[in-house]
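# A closer look at the structure
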Amino acid sequence: MSQSIPCVLMRAGTSRGPFFLREWLPEGDEARDQALIGAIGASDPLQLDGVGGGSTLNSKVAIVSRSKEPGCDLDYLFAQVGVGHRSVDMRPNCGNMLSGVAPFAIEQGLIAAQDGVTQVRVFNVNTRSRIDVTVRTPGGRVTYEGDARIDGVAGTAAPILLNFLDAWGAVTGQVFPTGKRINIIDGIEVSCIDAAMPLMIVRASDLEVNGREKPAALDANNALLERLEALRLQAGRMMGLGDVSNSVIPKPVLVSAGDSPNSITSRYFTPRKCHASHAVTGAIGVASAFALPGTVASAAARAPGRNSLVVLHPAGQIDVEVEIEGEGADAAVSSAALVRTARKIMQGELHLPDYVFSRPETRVFTRGAFPSKAITIIVPTRAGGGNDTMARIIAAKLSPLLGREVVVDNRAGANGAIASEYVAHAKPDGHTLMFGYVGTHAMNPALQTLGYDPVNDFEPIGLVGSSPTLMVAHPHKGAPDLSSLVVRLKHEPGCFSYASAGDGTPPHFAAELFQLNSGTSMASTTYEGAAPAIANTVNGRSQIMFPSLFTAYSLIRGGQLRALAVAGPNRLNALAGVPTLAEMGVPGVNVMQWYGLFAPTGTPAAAIERLNRTLNEVLADPEVIERFERHGARTEPGSAHALAQRMKADLSRWRQVVIEAALAPNESRQITLE
């Protein structure tokens, strides 16, 4: 069963997506959002079941209606639909999609076209800002043919002029929502600006890149992406946006010098992937930060009046005309204009699948059926790490099978105890789950007394997968091989620092066992999770780490980390040339990391059985198996009992290790919050 709605698919600027009149979509925000998820095909990372393109650039939607605002012609509501997860974010704006709004509205009869050009005042509902849009309409009809060229799009088309009138501070209420033009987050200077789009701008050089890299190179730099995301999450809170882990704003931007005094080079992230060219709203924000004094992007002081600036991006450049009022500390941007193009690709009916209408407001369910609402998977680590990546892969596949949205909620802190205690005390109805792992359910409880019991407070659902642990080093600041490392440490104890993801985590246990069994001593730095720990090993602040292969594999392949040894009994097929620690004379370091789903104790058996059955179906999916294997992990479908046995056996094992090795939480260890 499916529902058909009218739709126009357009290329607008350097984005692409469906355009709808508001009346074409279901009534009510909830039903509307579910329709958009179905239209784009958000449940699948490749978006095969919709018109999305597997990228945030092609997962955009424009909803247009006659304006209710005085002095405006059209209301434009922009929606950023999830890629691989069922979400709709209406906090950002999109200037590229904006360029298609006026042509679309004219062709749908909302606006009467003039002979020659037609100017339309658009009210952006997301940011409550106004934009004057000028479209070519010879003979009173929209034309897409013309000689304007924009970088990132093949060929030429009719120019569409966008003049942003009041986009400064539109989302947060202030151009500089933190109250400062430069803030320091984890030792890095950033500028948080709200100019058409909330941005967090960082100098590329401060993150050890030159800012002119191609998007593919930046996307392959996992440490950089993790560092940017960690900064972005903190910037979001400082900007008053709250927890932005499930939002695309603020967008992170790397800036560096341009080719002339009036140009600046920008790499714009969406936010976990570098834009192939550049967002229009992002260009407005970057140009504003470039034009105003006192930001990380500032150049020479600008004179009041119209300034022609250039934002250089991977596919070329965007020319922005910025109007400045005042001078020095009183300088402000009053408007900005630029040229885009658009093209109608196709028009017709879009068929929405029935499974997207899965929430209570949009679908009728049998009373008492499970699940009856969205399911939340609590992840005990920050976004960007191995646990988070696995959880999101699983969540995206569980959602369509369960007929409910499955949300990933990162609750890092206290080495997993915060998330564990939260789930242990959650309502036991199957709608709040824990993405537990060996750290939360065996190692940390073995090391210290916690506010939860891993056995008595949880109902196991099923294993998700496992990944071996490696000893890795910075390729230049660490030792070239394990033998050299041991020799150096015995002659200069503490000359190398290892990165820990927190007391009671696998990287901590493996490092302590290595030191105990090799007779060496390393300095240590503790981070809030594996993502910042491995990021700071990549940048050299720590030289050694014991991450899971799932977390480190892409960095090893990219040459950003050197694999020294396997912290397990056998060599790995993925890294056949890397010896085990035992082979190199350091026995007793066997750390296998496993991951599983848990529910609070008391969750009905029927819910546990349904979740286990669905989880095993996901783990048998060839795409999931391939994605796990690509990162050096394996899926492990099985029964809830199998997870319970694995957890109890490891808990007993690590309690014995703690006793024999005399391990204890090290409160004197240097703590670095990342």
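Each remark here, short or long, concerns the structure printed above.
Residues numbered from 1 in each chain as written. Predicted model: local features only at pLDDT ≥ 70, side-chain atom pairs only at ≥ 80, totals over all residues. Heavy atoms only, no water.

### Some remarks on the overall build of the protein chain
Within the protein chain, the regular secondary structure consists of 16 helices and 29 strands. What you see for the protein chain is a C-alpha radius of gyration of 27 Å, in line with the 26 Å of a compact globule of 674 residues. Structurally, the protein chain occupies a C-alpha span of about 85 × 65 × 40 Å along its principal axes. Taken across its 674 residues, the protein chain has 61% of its residues classed as buried. At a minimum sequence separation of 6, the contacts of the protein chain that also span at least 24 residues come to 70%. Carbon and sulfur atoms provide 49% of the accessible area of the protein chain, an area that totals close to 24800 Å². Taking the average location of the 59 positive side-chain charges in the protein chain and that of its 63 negative ones, the two points are 2 Å from each other. (Helix = DSSP H or I, 4+ residues; strand = E, 2+ residues; numbered from the N terminus. Rg over C-alpha atoms; globule rule 2.2 N^0.38 Å. Buried < 20%, exposed > 50% of the residue type's maximum accessible area, 1.4 Å probe, protein only. Contact = heavy atoms within 4.5 Å. Areas by Shrake-Rupley, 256 points an atom, 1.4 Å probe, with all protein chains shown as cover. Lys, Arg positive; Asp, Glu negative; His and termini not counted. Charge placed at Lys NZ, Arg CZ, Asp CG, Glu CD.)

### Some remarks on the packing of helix H9 (residues 438-447) against helix H11 (residues 506-518)
Look at H9 against H11: their axes get within 10 Å of each other, and the N-to-C directions meet at 50°. In terms of their interaxial angle, H9 and H11 are classed as oblique. Note on element contacts: H11 touches H9 through Pro506, His508 and Phe509, opposite Val438, Gly439, Met443 and Leu447. (Axes fitted to C-alpha atoms, helices over the stretch in contact; angles between N-to-C directions. Parallel < 35°, antiparallel > 145°, perpendicular 65-115°, else oblique.)

### Regarding the environment of Gly240
Among the secondary structure elements, Gly240 is positioned in the loop between helix H5 (222-238) and strand S12 (251-257). For Gly240 and Phe509, which are 269 residues apart along the polypeptide, the C-alpha to C-alpha distance reads 38 Å.

### Considering the environment of Asp194
Among the secondary structure elements, Asp194 is positioned in strand S10 (residues 188-194). Take Asp194: its relative accessible area is 0%, and that puts it in the buried class. What Asp194 contacts, discounting residues up to four positions off in sequence, is Ala167, Trp168, Gly169, Ala170, Val171, Thr172, Gly173, Gln174, Val175 and Pro177.

### What about the sheet that holds strand S18 (residues 375-379)?
Spatial ordering of the open sheet is given by S19-S18-S20-S27-S21-S28, a layout of 6 strands whose pairing is mixed. With one partner strand each, in any of the chains shown, strand S19 (406-410) and strand S28 (634-635) form the two edges of the open sheet. With 3 bridges joining them, S18 and strand S20 (residues 432-437) adopt parallel strand pairing. Note on S20: the bridge partner recorded for Ile378 is Met434. (Pairing = 2+ DSSP bridges.)

### Regarding the pairing of strand S26 (residues 562-566)
The buried count for S26 comes to 4 of 5 residues, which makes it a mostly enclosed element. The pairing of strand S22 (residues 470-473) with S26 spans 4 bridges and is antiparallel. Directly across from Leu470, in S26, lies its bridge partner Val566.

### Regarding the pattern of salt bridges
Summed over the entire model, instances satisfying the criterion amount to 24 salt bridges. Arg411 serves as the salt-bridge partner of Asp409, at 3.0 Å between the closest nitrogen and oxygen. With a relative accessible area of 30%, Arg411 lands in the partly exposed category. Between Glu636 and Arg634 there is a salt bridge, with its nearest N and O atoms 3.6 Å apart. (Salt bridge = Lys/Arg side-chain N within 4 Å of Asp/Glu carboxyl O.)

### Considering the packing of aromatic side chains
Scanning all chains against the criterion turns up 9 aromatic pairs. Each ring, one from Phe19 and one from Phe104, has its centre 5.6 Å from the other, and the planes form 50°; the classification is tilted. Highlighted residues: Phe19 in strand S2 (residues 15-21) and Phe104 in helix H3 (residues 101-107), separated in sequence by 85 residues. Take Phe19 and Phe104: they sit in the same class, and that class is buried. For the pair Tyr452 and Phe458, a centre-to-centre distance of 6.1 Å together with 90° between the ring planes defines the contact as edge-to-face. Here Tyr452 matches Phe458 in class, with each residue buried. A network of ring pairs unites the aromatic residues Phe19, Trp24 and Phe104 as a single cluster. Positioned over the ring face of Phe290 is Arg302, at 4.8 Å from the centre of the ring. Above the face of the Tyr422 ring, Arg411 is positioned so that its terminal group lies 3.9 Å from the ring centre. (Phe/Tyr/Trp six-rings, centres within 6.5 Å; stacked < 30°, edge-to-face > 60°. Lys NZ or Arg CZ within 6 Å of the ring centre and 35° of its normal.)

### Regarding the state of the cysteines
Tallied over the entire structure, the rule returns 0 disulfides. Cysteine Cys7 shares no disulfide, and the gap to the nearest cysteine sulfur, in Cys94, comes to 16 Å. Using a relative accessible area of 9% as the deciding quantity, one classes Cys7 as buried. (Disulfide = S-S within 2.5 Å.)

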